[in-house]
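Examining the three-dimensional arrangement
This is what each chain is made of:
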Amino acid sequence: MAKVESFTLDHTKVKAPYVRLITQGKGTKGDVISNYDLRLVQPNENAIPTAGLHTIEHLLAGLLRDRLDGVIDCSPFGCRTGFHLITWGEHSTTEVAEALKGALKEIAEQIEWEDVQGTDIYSCGNYRDHSLFSAKEWSKKILDEGISDDPFERNVI
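Residues numbered from 1 in each chain as written. Predicted model: local features only at pLDDT ≥ 70, side-chain atom pairs only at ≥ 80, totals over all residues. Heavy atoms only, no water.

Applicable threshold: UniProt positions are given in the numbering used here, feature names are shortened, and annotations may be inferred rather than shown by experiment.
As annotated in an unreviewed UniProt entry, the chain carries the name S-ribosylhomocysteine lyase and is attributed to Liquorilactobacillus uvarum DSM 19971. The record in UniProt for the chain states the following under Catalytic activity (unreviewed entry): "S-(5-deoxy-D-ribos-5-yl)-L-homocysteine = (S)-4,5-dihydroxypentane-2,3-dione + L-homocysteine". According to the UniProt record, the Sequence similarities (unreviewed entry) comment for the chain is "Belongs to the LuxS family."

**Some thoughts on the state of the cysteines**
Stated precisely, the cut-off is as follows: Defined by distance alone, a disulfide is two cysteine sulfur atoms within 2.5 Å.
Enumeration according to the criterion identifies zero disulfides in this entry. Cysteine C79 remains unbridged, with the sulfur of C74 as its closest cysteine sulfur at 13 Å.

**Points about helix α2 (residues 93–109)**
For an α-helix the count is 3.6 residues per turn, leaving residues at separations of three or four pointing the same way. Heads up, the rule is: Only DSSP runs of H or I with at least four residues qualify as helices, and only runs of E with at least two residues qualify as strands; both kinds are numbered from the N terminus onward. Helix span is expected to be 1.5 Å times the residue number reduced by one. Partly exposed describes any residue whose relative accessible area lies between the buried limit of under 20% and the exposed limit of over 50%, with all areas from a 1.4 Å probe on protein chains only and scaled to the type maximum. We call two residues in contact whenever any of their non-hydrogen atoms come within 4.5 Å of each other.
Helix length check: α2, at 17 residues, gives a terminal C-alpha distance of 24 Å against a target of 24 Å (1.5 Å per residue), a fit within 8%. Of all the positions in α2, only V96, A97, A99, L100, A103, L104, I107 and A108 are classed as buried. Turning to α2, the residues buried within the fold contact β1 (18–26), β2 (32–39), α1 (50–67), β4 (82–88) and α3 (132–145).

**Side note on the UniProt feature "binding site: Fe cation" (unreviewed entry) in the chain**
UniProt marks H54, H58 and C124 with the feature "binding site: Fe cation" (unreviewed entry), using the numbering shown here. The greatest C-alpha distance among the residues just named is 10.2 Å, despite their covering 71 residues of sequence, which places them together in space. Looking at where H58 falls in the secondary structure, it is placed in helix α1. Residue classification places H58 among the buried residues on the basis of a relative accessible area of 15%. Once residues within four sequence positions are removed from consideration, H58 is found in contact with V116, Q117, G118, C124 and H130. Residue placement: C124 occurs in the loop between α2 and α3. A residue is classified by how much of its surface remains accessible, and C124, at 11% relative accessible area, is buried. Beyond its immediate chain neighbours, meaning those up to four positions away, C124 contacts H54, H58, G118 and H130.

**Focus: the pattern of salt bridges**
To be explicit about the condition: Each reported salt bridge corresponds to a side-chain nitrogen of Lys or Arg within 4 Å of a carboxyl oxygen of Asp or Glu.
Summed over the entire model, instances satisfying the criterion amount to eight salt bridges. Between E137 and K140 there is a salt bridge, and its shortest N-O distance comes to 3.3 Å. Here E137 and its partner K140 are both found in helix α3, three residues apart, which amounts to about one turn of the helix. By relative accessible area, E137 is classed as partly exposed at 35%. Looking at K140, the relative accessible area reads 35%, which means it is partly exposed.

See below:
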């Protein structure tokens with residue numbers, strides 16, 4: 001079985017919340033694809049409840065696209081501590097952290113239920129499992145802790 005970089009990361013050494021560049025790859029035509037670790041809570045110490053994480057996922061899908069060029073996908077980790085962000089091209093971890101901070105600030109302060117995309121039976125595979133209240137509370141907590149552009153040193157942006 002292929003080694004997966006995320007499973008070789010020492011989760012006891014990282015200091016969440018942070019943004020980390022996991023890897024970059026080049027396609028056959030030279031296109032760069034980047035994979036980032038958007039770690040919102042400390043691994044093995046906390047986890048965002050599914051309904052809140054699900055709502056954050058739906059919101060980040062649009063809000064990160066508003067702030068960063070080339071967003072392909074933003075998908076939650078199964079451990080519920082954060083997200084993979086996949087983009088075309090290269091972005092610094094500072095640029096990604098600033099985009100994430102702006103998105104979470106918008107969730108915490110401005111987003112209303114009507115703003116959340118994909119919350120009905122036609123557009124979501126588990127439409128009953130959402131909580132904007134939880135998404136807002138977790139966004140505030142993450143912002144209060146500050147988002148670092150380094151996973152091992154607290155370099156809050």
